[in-house]
Amino acid sequence: RINPTDVNMLVTVQNRGPETAIIHLLPQLWFRNTWSWKAGAPKPQISARNPQSINVAHRDMGEFQFFVENADQWLFTGNETNSRRHFDLRMDGYFKDAFHEYVIQRNLAAVNPAHCGTKAAAHIIRDVPAGGSVQARACLRVTSAGDPFESFDRVMDSRRAEADAYFNEIQNDLQDPDARLVQRQALAG
């Protein structure tokens, strides 16, 4: 079943190197920090649900679930500036640079052990052979009913076909394949 409110994301990471590499892929979801603009403003919440999804709640936008297929773990933090790093203030909390701290610096205390916050990432760790690739499928949806990936490939194929038809129409007088690709990338941004 295709739900018109679902947002699907497909991420492909390619290893262009000459040997197998460990890839840390972090599909993320966060709320724009508007709560710090005004004292007492409500703060949205992202929290753990199960190994493949998280709950997302916002006073004005409602409730959603974010699914990431084959996530190894979920990481949570706040979407606030790290005041210790930027302003030399001694404030406690979990800051927006936590995923970098966790993965690169191996600082396990950087992420929220309570599995909640205003920013979350599915942490996917894979060995990718030389010349190989790995994909992650993610879906943000209003409902938790049914399999979020049941129609995923069909929807992605349909959207690719729609995009190809659109670009074929607007690029009908542009014959150079490289120029077509450059224009398509420029229009996508």
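Below you will find a few notes about this structure. (Residues numbered from 1 in each chain as written. Predicted model: local features only at pLDDT ≥ 70, side-chain atom pairs only at ≥ 80, totals over all residues. Heavy atoms only, no water.)

Next up on the list: the overall build of the protein. On a plain count of helices and strands, the protein comes out with 4 helices and 10 strands. Along the longest, intermediate and shortest principal axes, the C-alpha atoms of the protein span 60 × 45 × 35 Å. Across the 189 residues in the protein, those meeting the buried criterion constitute 34%. Across the protein, every contact between residues at least 6 apart in sequence was considered, and the portion connecting residues at least 24 apart equals 61%. As displayed, the protein offers around 11,900 Å² of accessible surface, 52% of which is attributable to carbon and sulfur atoms. Between the centroid of the 21 positive side chains of the protein and the centroid of its 22 negative side chains there is a distance of 6 Å. (Helix = DSSP H or I, 4+ residues; strand = E, 2+ residues; numbered from the N terminus. Buried < 20%, exposed > 50% of the residue type's maximum accessible area, 1.4 Å probe, protein only. Contact = heavy atoms within 4.5 Å. Areas by Shrake-Rupley, 256 points an atom, 1.4 Å probe, with all protein chains shown as cover. Lys, Arg positive; Asp, Glu negative; His and termini not counted. Charge placed at Lys NZ, Arg CZ, Asp CG, Glu CD.)

As a further point, take helix H4 (residues 177-188). With 12 residues, H4 should reach 16 Å at 1.5 Å per residue; the first-to-last C-alpha distance of 16 Å fits that figure. Burial of H4 is sparse: only 1 of the 12 residues sit out of reach of the surface. (Expected span 1.5 Å × (residues − 1).)

Bringing helix H3 (residues 152-170) into the picture now. Over its 19 residues, H3 extends 27 Å from the first C-alpha to the last, a length consistent with the 27 Å expected when each residue adds 1.5 Å. Among the residues making up H3, those that are buried are Phe152, Val155, Met156 and Phe167. Seen from one end, H3 has its buried residues packed into an arc of 100°, which puts them on one side. Packed against the buried residues of H3 are strand E1 (7-14), strand E10 (133-141) and H4. (Arc of directions from axis to C-beta.)

Following the criterion strictly, the structure yields 9 salt bridges and no others. Between Arg137 and Glu69 there is a salt bridge; the shortest N-O distance is 2.8 Å. Separated by 68 residues along the polypeptide, Arg137 in strand E10 and Glu69 in the loop between strand E6 (62-68) and strand E7 (73-77) bring together distant segments of the chain. Three or more residues are tied together by salt bridges with common partners; here these are Glu69, Arg137 and Asp153. (Salt bridge = Lys/Arg side-chain N within 4 Å of Asp/Glu carboxyl O.)

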